[in-house]
Amino acid sequence: MAKKKDEELAIEAEKLKAELEQLKETKKKLDEKTKTKKTAKKEPKKPKKEAKKEETKTKKTAKKEPKKSKKEAKKEETKTKKTAKKEEKKVKLTKKQERELAAKKEAEEQRTLEEELEEQLTDAEIENFQIEKVDMEKLTNRVCEMLAKYESNGMFQSELWKKLKLSSRDGSRLALKLERTGIINREKLLEKGRWTYKLILKKTPISTQSIENAPCLICPVEQKCSLDGEISPRTCQWIDEWVTADLKKPKVSQ
Ligand code: SF4
């Protein structure tokens with residue numbers, strides 16, 4: 001009896017086992033189906049997202065594009081402005097250069113022979129100027145005598161050179177020398193459309209020749225001689241003779 005019960009129980013267990021197996025199989029199938037559905041549902045979602053993404057990207061790019069164009073336009077505008085300014089500057093520079101050239105030309109035209117000589121000659125060449133076979137000391141004294149008559153009004157140098165029979169070049173070099181040695185002043189003036197100089201005597205040079213052979217140098221009574229004394233240059237015969245002899249000498253020998 002017990003054996004029969006055991007057998008029945010075993011059969012029952014087998015049945016349950018089989019049912020369980022079947023249930024498992026069914027569940028598995030169901031799971032498979034659900035998974036497939038989910039995957040199927042997910043699949044179309046992905047392209048949507050991607051499409052959305054793509055759309056956003058396109059929009060952004062579309063938005064960016066005009067911005068970029070604006071920037072480029074601005075850049076182009078600035079570049080054009082800069083080029084225009086540069087061109088303007090160039091024109092201005094040319095005008096400036098033109099003015100400078102005109103000023104230079106004018107200055108060139110206003111340049112005197114003396115100015116050219118001053119550029120060409122050294123200080124030593126100016127100060128040691130010597131005209132061949134001419135006593136420069138006597139010539140200087142002669143110039144001083146003539147200029148002294150015009151006092152502070154001065155005398156046109158061309159007029160002076162004419163009277164002294166000097167060439168313009170020699171006269172100009174002499175004027176430079178006399179100015180450097182502090183004997184005359186030169187005043188630049190426009191005369192009949194040409195630039196020239198007026199020479200004004202500044203000081204009379206001390207010349208040893210002016211007292212050459214003066215009787216006072218060897219006078220035996222020089223110690224007793226005075227302007228208001230008994231022995232005086234006012235009444236001195238030797239002085240009279242010396243001055244008369246000096247006046248008879250030719251003033252400039254060339
Ligand atoms: S002025 Fe006549 S006296 Fe007098 S020092 Fe001269 S030379 Fe002599």
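Residues numbered from 1 in each chain as written. Predicted model: local features only at pLDDT ≥ 70, side-chain atom pairs only at ≥ 80, totals over all residues. Heavy atoms only, no water.

A few points about the side chain of threonine 196
And step 1. Counting through the fold element by element, threonine 196 comes out in strand β3 (residues 194–201).
And step 2. In contact with threonine 196, other than residues within four places in its own chain, are Phe156, Gln157, Glu187, Lys188, Leu189 and Glu191. (Helix = DSSP H or I, 4+ residues; strand = E, 2+ residues; numbered from the N terminus. Contact = heavy atoms within 4.5 Å.)

Overview of the sheet that holds strand β2 (residues 184–191)
And step 1. With antiparallel pairing, three strands are arranged side by side in an open sheet as β1-β3-β2. Because the sheet does not close on itself, it has two edges, and the strands there are β1 (155–156) and β2.
And step 2. Note: β1 against β3, two bridges, orientation antiparallel. In the strand pairing of β3, phenylalanine 156 is matched with lysine 198.
And step 3. Relative to β3, helix α4 (residues 136–150) is tilted by about 95 degrees, and along the sheet it contacts β1, β2 and β3. (Pairing = 2+ DSSP bridges. Axes fitted to C-alpha atoms, helices over the stretch in contact; angles between N-to-C directions.)

Let's talk about the confidence of the model for the protein
And step 1. Chain-level pLDDT for the protein is 82 on average; 83% of the residues reach the 70-or-more range.
And step 2. When mean pLDDT is compared element by element in the protein, β1 scores highest at 94, while helix α1 (residues 2–110) scores lowest at 76. (pLDDT = per-residue confidence, 0-100.)

Comments concerning the pattern of salt bridges
And step 1. Under the definition given, this model contains eight salt bridges.
And step 2. Residue glutamate 145 pairs with arginine 142 through a salt bridge whose shortest N-O separation is 3.7 Å. You can see glutamate 145 and its partner arginine 142 sitting in helix α4, three residues apart, about one turn around the helix.
And step 3. The partner of arginine 186 in a salt bridge is glutamate 179, with the nearest N and O atoms 3.1 Å apart.
And step 4. Classification of glutamate 179 by relative accessible area gives partly exposed; the value is 27%.
And step 5. Through salt bridges with shared partners, a single network forms among Glu118, Asp123, Glu179, Arg180 and Arg186. (Salt bridge = Lys/Arg side-chain N within 4 Å of Asp/Glu carboxyl O. Buried < 20%, exposed > 50% of the residue type's maximum accessible area, 1.4 Å probe, protein only.)

What about the site of the ligand?
And step 1. Surrounding the ligand, one finds Pro215, Cys216, Cys219, Glu222, Cys225, Ile231, Pro233, Cys236, Trp238 and Ile239.
And step 2. Split into classes, the residues belonging to the shell around the ligand amount to nine nonpolar, no polar and one charged. (Near = heavy atom within 4 Å. Nonpolar A, V, L, I, M, F, W, Y, C, P; charged D, E, K, R; others polar.)

Examining helix α6 (residues 168–180)
And step 1. Taking 1.5 Å of rise per residue, the 13 residues of α6 would be expected to cover 18 Å, and the 18 Å separating its terminal C-alpha atoms lies within 8% of that figure.
And step 2. Of the positions making up α6, those classed as buried are Gly171, Ser172, Arg173, Leu174, Ala175, Leu176, Lys177 and Leu178.
And step 3. In the core, the buried residues of α6 are packed alongside α2 (113–120), α3 (123–127), α4, α5 (157–163), β2 and β3. (Expected span 1.5 Å × (residues − 1).)

A short note on a nonpolar patch on the surface
And step 1. Side chains of Ile211, Leu217 and Ile218 sit close together on the surface and give an oily, nonpolar patch of about 360 Å² of accessible area.
And step 2. Mapped onto the elements of the fold, leucine 217 is located in the loop between β3 and α7 (237–248).
And step 3. By relative accessible area, leucine 217 is classed as exposed at 61%. (Patch = residues over 30% accessible without salt bridge, like charges linked within 9 Å, V, L, I, M, F, W, Y side chains within 5 Å. Areas by Shrake-Rupley, 256 points an atom, 1.4 Å probe, with all protein chains shown as cover.)

Structural notes on unusual backbone geometry
And step 1. One non-glycine residue, lysine 133, lies in positive phi territory at about 60 degrees.
And step 2. When its relative accessible area of 75% is taken as the criterion, lysine 133 is described as exposed.
And step 3. You will see that lysine 165, though not glycine, has its phi angle at about 55 degrees, which is positive.
And step 4. For lysine 165, the position within the fold is in the loop between α5 and α6.
And step 5. Given the relative accessible area of 74%, lysine 165 is considered exposed.

Things to note about the pairing of β2
And step 1. One ladder, built from eight bridges, connects β2 with β3; its direction is antiparallel. Bridge pairing in β3 places glutamate 191 opposite arginine 194.

Description of the nonpolar core
And step 1. With 21 residues, the main nonpolar core has Leu139, Leu160, Leu174 and Leu199 as its most contacted residues.
And step 2. Residue contributions to this core peak at six residues, all from α4.
And step 3. Each residue touching leucine 160, except ones within four places of it in the same chain, is listed here: Val143, Met146, Leu147, Met155 and Leu199. (Core = buried A, V, L, I, M, F, W, Y, C linked by side-chain atoms within 4.5 Å.)

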